[in-house]
Amino acid sequence: MSDTGQRSSGAAFDAAGDIARDFRDPVSGDFRQETMIINMGPQHPSTHGVLRLLLELDGETVIRCKPVIGYLHTGIEKNTEYRTWVQGITFVTRADYVAPFSNELSYCLGVERLLGIEVPARAELIRVLVCELNRITSHLVGLATTGLEMGAVSMMLYGLREREMIMEIFEGLTGLRMNHAYIRIGGVVMDLPEDGPRKIRELIDILPSRIDEYETLLNDNPIWRERHEGVAVLSADRCLELGVTGPVLRAAGPAVDLRKDMPYCGYETFDFDVPTRTEGDAYARYRVRIDEMRESLKIVEQALERLLATPGPVMIEDPKVGWQSRLSVGPDGIGNDPEFLAHIMEESMEALIHHFKMVTQGVEVPAGEVYSCVEAPRGELGMYLVSDGDHRPYRVKIRDPSFVNLQALPDVIEGYLVADIIAAVSSLDPVLGGVDR
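Report follows, based on the coordinates. (Residues numbered from 1 in each chain as written. Predicted model: local features only at pLDDT ≥ 70, side-chain atom pairs only at ≥ 80, totals over all residues. Heavy atoms only, no water.)

**Comments concerning the overall build of the protein chain**
Inference 1: Within the protein chain, the secondary structure is distributed over 18 helices and 10 strands.
Inference 2: A compact globule built from 437 residues should have a C-alpha radius of gyration of about 22 Å, and the protein chain, at 24 Å, falls within 12% of that.
Inference 3: The 437 residues of the protein chain split such that 54% are buried.
Inference 4: Sequence separation of at least 24 residues holds for 69% of the intrachain contacts in the protein chain that already meet a minimum separation of 6.
Inference 5: Of the roughly 18900 Å² of accessible surface on the protein chain, a fraction of 53% belongs to carbon and sulfur atoms.
Inference 6: Of the charged side chains in the protein chain, 44 are positive and 68 negative; the average position of the first set lies 2 Å away from that of the second. (Helix = DSSP H or I, 4+ residues; strand = E, 2+ residues; numbered from the N terminus. Rg over C-alpha atoms; globule rule 2.2 N^0.38 Å. Buried < 20%, exposed > 50% of the residue type's maximum accessible area, 1.4 Å probe, protein only. Contact = heavy atoms within 4.5 Å. Areas by Shrake-Rupley, 256 points an atom, 1.4 Å probe, with all protein chains shown as cover. Lys, Arg positive; Asp, Glu negative; His and termini not counted. Charge placed at Lys NZ, Arg CZ, Asp CG, Glu CD.)

Here's what the structure looks like:
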């Protein structure tokens, strides 16, 4: 049919002047007479970051959705290529800023593979511990913000309350609440503080009952179920076609989890399950994340028990690879260890020179390329690293799960109502820092 014929038949056109998809009135069978093009965003509330959605609406029904990204324009990957290998950690940790430890771990595992080194056993246990605690905080943020957007303000308050307990553990361990740069090439910056095991044990004792409270509040809540059940459905086949991973994929059926399928950091020695559902809707994703928090607690408890029975260093002892600086907790908080400062400033000129060269130049990584991936809270987080044998990366490319999962937005929004957009976006749980890296 010619363009003129299509226009006369009542077909609609989008903002670019292209003919929109056929959308007939369910009663009369006629083509819609007009549609509305609106922008949702870019704003943080309801879109979980600075995300813009270009929507074509027929009344309250979304018939086309085009996600528009790039508003954060952080340039993390390119900035990392202009820094030393160790300095790059302070950039990649800021990508998915809700799960900074996963960023650091994926990056450091890649560099360590290029170097051909293994970290001490205690450092590996601490890495597992902080990453699983971080998985819980990430799911708590997603659950709290979704609750706020759905009108369940109590859920927001409870979620952030429990998150605060874990953030205090992170602050005592790393000195920071986020963007820690704690996991380093060859291990971690420092060991657990003296009161660290006690605080973690208190969390393990308290959190299970709090998660039960979340389910009591939401599982059979008629409003919560009506807003989530049958909304934003994405089949397993479609997830695999788009490369969607993490809770969104597992909520559709496949038990795909890199901790089980491609173990790293000794995850194969831990006892935990991979929660799945089959419905593939927003409600199923909520249930999967709830179950994942319980499984992460199981891993945290096992890691803590092993740490108490596994003394030793937390950084590789090779002085040409391991980070030289030593930190400790003093009266004014975490800072440079006084004994280490006295050694390099007063006792050994060679140690001072070596420290200066490690800080300014860093480790020299053999030429090669590697793809290193971990199971982050949102799915497969990978780092593609290329070294040309220099003191800084030749290429850094981040495979961020939020970026890949956002491809599913049109699938989970089109055909639903405007009010369903909020639940659909929050069920994917994107973090735009990783999208606009």
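**What to know about the packing of helix α4 (residues 100-115) against helix α5 (residues 121-150)**
Inference 1: Their axes nearest at 8 Å, the elements α4 and α5 cross at an angle of 145°. Where α4 crosses over α5, the handedness of that crossing is left-handed. Between α4, through P100, F101, S102, L105, C108, L109 and E112, and α5, the contact on the second element is made entirely by R127, V130, C131 and N134. (Axes fitted to C-alpha atoms, helices over the stretch in contact; angles between N-to-C directions. Left-handed = near helix turned anticlockwise from the far one by under 90°.)

**Side note on the sheet that holds strand β1 (residues 36-43)**
Inference 1: Pairing is antiparallel in the open sheet, where 3 strands are placed in the order β1-β2-β3. The strands lining the two open edges of the sheet, one partner per strand, are β1 and β3 (61-68). Each strand of the sheet is rotated relative to its neighbour by a mean of 20°, with strand direction disregarded.
Inference 2: Pairing analysis gives 7 bridges linking strand β2 (residues 51-58) to β3, with the strands arranged antiparallel. Counted as the bridge partner of L54 is K66 from β3.
Inference 3: With respect to the sheet, helix α17 (residues 418-428) is in contact with β1, β2 and β3, its orientation differing from that of β2 by roughly 150°. (Pairing = 2+ DSSP bridges.)

**Some remarks on the sheet that holds strand β10 (residues 395-399)**
Inference 1: Taken in spatial order, the 3 strands of this open sheet run β8-β9-β10, and their pairing is antiparallel. Edge positions in the sheet fall to β8 (368-376) and β10, since each of these pairs with one other strand and no more. On average, adjacent strands in this sheet sit at an angle of 15° to one another, irrespective of strand direction.
Inference 2: Strands in contact with α4 are β8 and β9 (379-387); relative to β8, the strand with the most contacts, it is inclined by about 150°.

**Let's talk about the pattern of salt bridges**
Inference 1: Going through the model one piece at a time under the given rule, you end up with 33 salt bridges.
Inference 2: For E292, the salt bridge is made with R250, and the minimal N-O distance between the two is 2.6 Å. Of this pair, E292 sits in helix α12 (residues 282-308) while R250 sits in helix α10 (residues 247-250); the two residues are 42 residues apart in sequence, bridging distant segments of the chain.
Inference 3: Using a relative accessible area of 3% as the deciding quantity, one classes E292 as buried.
Inference 4: A salt bridge links K298 to E295, with the shortest nitrogen-to-oxygen separation between them at 3.1 Å. With K298 and E295 both in helix α12 and 3 residues apart, this pair spans about one turn of that helix. (Salt bridge = Lys/Arg side-chain N within 4 Å of Asp/Glu carboxyl O.)

**Comments concerning a nonpolar patch on the surface**
Inference 1: On the surface, L148, V153, L157, Y158 and L217 cluster together into a nonpolar patch covering about 400 Å² of accessible area.
Inference 2: Considering the arrangement of structural elements, one finds V153 in helix α6 (residues 153-174).
Inference 3: On the accessibility criterion, V153 (41% relative accessible area) is partly exposed. (Patch = residues over 30% accessible without salt bridge, like charges linked within 9 Å, V, L, I, M, F, W, Y side chains within 5 Å.)

**Thoughts on the packing of aromatic side chains**
Inference 1: Counted by the stated rule, this structure contains 7 aromatic pairs.
Inference 2: For the ring pair Y267 and F270, a centre distance of 6.1 Å and an interplane angle of 50° mean the geometry is tilted.
Inference 3: For F270, a relative accessible area of 5% puts it in the buried group.
Inference 4: Relative to F272, the ring of Y267 lies with its centre 6.2 Å away and its plane at 70°, an arrangement referred to as edge-to-face. The pair formed by Y267 and F272 is uniform in burial state, with each residue classed as buried.
Inference 5: These aromatic residues form a ring-pair network of at least three members: Y264, Y267, F270 and F272.
Inference 6: The ring of F272 carries K260 above its face, with NZ or CZ at 4.4 Å from the centroid.
Inference 7: Just above the ring of F270 sits the side chain of R306; from NZ or CZ to the centre is 4.0 Å. (Phe/Tyr/Trp six-rings, centres within 6.5 Å; stacked < 30°, edge-to-face > 60°. Lys NZ or Arg CZ within 6 Å of the ring centre and 35° of its normal.)

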